Amino acid sequence: MALLDEGAKGVYVIAVTPFTEDGALDLPSTDRMVDFYLEKGATGLTVLGMMGEAPKLTAEESRIFVRRVLARVQGRVPVVAGVSAPGFAAMRELSDSVMADGAAGVMVAPPANLRTDDQIVSYYDMVARTLGPKTPFVLQDFPLVTNVQIASSVILRIVAAQPSCVMLKHEDWPGLAKISALRAASDKNGGRRISILVGNGAMFLPEELSRGADGAMTGFAYPEMMVDVWKAHAAGEVERAHDLFDAYLPLARYEQQPGHGLAIRKYLLAKRGAIASGMVRSPGSTLSAADIADIERLVARQARRLKEIN
């Protein structure tokens, strides 16, 4: 598989990590999940993300899971692995392992102790040196979780200084102005243009695409929504993209509940046959009967709306 580069676009689905009912890695479900995402049109996969329960895995489990995903993908799409870690030794070890197994690149979020612009720039200088020049990396900008605010000017400094930084995973909120600023810097002012894929459950995907994003790197129990919206927008069918997005929005909004969204997503993925169990490894939330009733109502309404517009 070719390495990740600045031209990446489309939908890189943030994969969940399937577990059995007793909390062990479910590798057969991992195969089914990969097949499901690819059948729905994913142009790439991202594993060991925050919604992939990466902090709950041991180092060995992380390597086993990524190796299983890569074996199932068989080079059909790029796979990015999250390697964020408190220390650089662990980051280097996991990065070297996944890249040797065939990953296309890695993703790194900033640690919560960074406070100034210069600290952020210095940190990603150390990231680039730790990973090495042959490992492309994604800068994950997710201040709602990391509590690290990275201004567009700081991102531009990192991009200018680190050729191996080839993608921004944009999850600032509100963040449309940041996308516009980054695109103005590259498209109008001659800066290096990197790929921008957006997160936050694709809650602003049509608007983000219009601002210059290249696609999405996030999760949703119906990944075909992101794929179809991206394809319609890329074809110039902007109103069609919005219509599709609107049909899925009530359920996407429900799935975005902080602390509860992963249980909802896994419940739906299990319902759709992508994984055997909706198990969320502890600590994690569980769904009540009322939650499930809400979800089933939203799914039924979504199906009716899609039938109306298709």
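As a reminder, the structure under discussion sits directly above these lines.
All of the points below concern the structure found in this document.

The alternating pattern of strand β7 (residues 195-198) places Ser 195 and Leu 197 and Ile 196 and Val 198 on opposite faces, both of which are buried. Note that strand β6 (residues 165-170) and β7 share 4 bridges and pair parallel. Bridging across to β7, His 170 finds its partner in Val 198. Handedness of the β6-helix α7 (residues 176-187)-β7 crossover: right-handed. Note: β7 against strand β8 (residues 215-216), 2 bridges, orientation parallel. From the neighbouring strand, Leu 197 faces β8, where its bridge partner is Gly 215. Note that the unit made of β7, helix α8 (residues 205-211) and β8 has a crossover that is right-handed.

This next bit is on helix α12 (residues 289-309). For α12, spanning 21 residues, the distance from its first C-alpha to its last is 31 Å, which sits close to the expected 30 Å at 1.5 Å a residue. For α12, the full list of buried residues reads Asp 291, Ile 295, Leu 298, Val 299, Gln 302, Leu 306 and Ile 309. Projected down its long axis, α12 shows its buried positions confined to an angular sector of 105°, all on one face. Looking at α12, the residues exposed on the side facing more than 90 degrees away from the buried face are Ala 289, Arg 301, Lys 307 and Glu 308. Buried residues along α12 sit against α10 (238-255) and α11 (261-271).

Between two packed helices, what matters for the description is the angle formed by their axes and the separation of those axes. Taken N-terminus to C-terminus, the directions of α10 and α11 make an angle of 130°; their axes are 8 Å apart at the nearest point. Looking at the two axes, α10 sits oblique to α11. Along its contact with α10, which presents Leu 251, Tyr 254 and Glu 255, the element α11 presents Gly 261, Ile 264, Arg 265 and Leu 268. When its residues are assigned to classes, the contact of α10 with α11 shows 4 nonpolar, 1 polar and 2 charged.

Let us now look at the packing of aromatic side chains. By the definition in use, this model includes 8 aromatic pairs. Judged by centre distance (5.0 Å) and plane angle (80°), the ring pair of Trp 173 and Phe 204 falls under edge-to-face. Taken as a pair, Trp 173 in the loop between β6 and α7 and Phe 204 in the loop between β7 and α8 lie far apart in primary sequence, 31 residues in all. For the ring pair Phe 220 and Tyr 222, a centre distance of 5.9 Å and an interplane angle of 50° mean the geometry is tilted. Phe 220 sits in the buried class, given a relative accessible area of 2%. Three or more aromatic residues joined by ring pairs form one cluster here, namely Phe 88, Tyr 123, Tyr 124 and Phe 137.

Take the environment of Arg 192 next. Along the chain, Arg 192 falls in the loop between α7 and β7. Residues within four places of Arg 192 in sequence aside, it is in contact with Glu 6, Val 159, Gln 162, Pro 163, Cys 165, Val 166 and Ser 186. At 2.8 Å, the side chain of Arg 192 and the backbone oxygen of Cys 165 are in polar contact.

Okay, the sheet that holds strand β2 (residues 44-47) next. An order of β1-β2-β3-β4-β5-β6-β7-β8 is seen for the 8 strands of this closed barrel, with the pairing classed as parallel. With 5 bridges connecting them, strand β5 (residues 137-141) and β6 associate as parallel partners. The partner of Val 138 across the bridge, within β6, is Met 167. Contacting β1 (10-14) and β8, helix α9 (residues 223-234) runs over the sheet at an angle of about 165° to β1.

In this section: unusual backbone geometry. For the bond running from Trp 173 to Pro 174, omega is 0°, close enough to zero to count as cis. Residue placement: Pro 174 occurs in the loop between β6 and α7. The amide bond that connects Ser 282 to the next residue, Pro 283, takes the cis arrangement and shows omega of 0°. Non-glycine residue Gln 74 carries a positive phi angle of around 55°. If you trace the backbone, Gln 74 turns up in the loop between α2 (59-73) and β3 (79-82). Of note, the phi angle at Ala 202 is positive, near 60°, even though the residue is not glycine. By the secondary structure assignment, Ala 202 is in the loop between β7 and α8. Accessibility expressed as a relative area gives 0% for Ala 202, which makes it buried.

The rules behind each value
- Residues numbered from 1 in each chain as written.
- Predicted model: local features only at pLDDT ≥ 70, side-chain atom pairs only at ≥ 80, totals over all residues.
- Heavy atoms only, no water.
- Buried < 20%, exposed > 50% of the residue type's maximum accessible area, 1.4 Å probe, protein only.
- Helix = DSSP H or I, 4+ residues; strand = E, 2+ residues; numbered from the N terminus.
- Pairing = 2+ DSSP bridges.
- Right-handed = clockwise from strand over helix to strand, strands pointing away.
- Expected span 1.5 Å × (residues − 1).
- Arc of directions from axis to C-beta.
- Contact = heavy atoms within 4.5 Å.
- Axes fitted to C-alpha atoms, helices over the stretch in contact; angles between N-to-C directions.
- Parallel < 35°, antiparallel > 145°, perpendicular 65-115°, else oblique.
- Nonpolar A, V, L, I, M, F, W, Y, C, P; charged D, E, K, R; others polar.
- Phe/Tyr/Trp six-rings, centres within 6.5 Å; stacked < 30°, edge-to-face > 60°.
- Polar contact = N/O pair within 3.5 Å; in protein donor to acceptor, adjacent residues only side chain to side chain.

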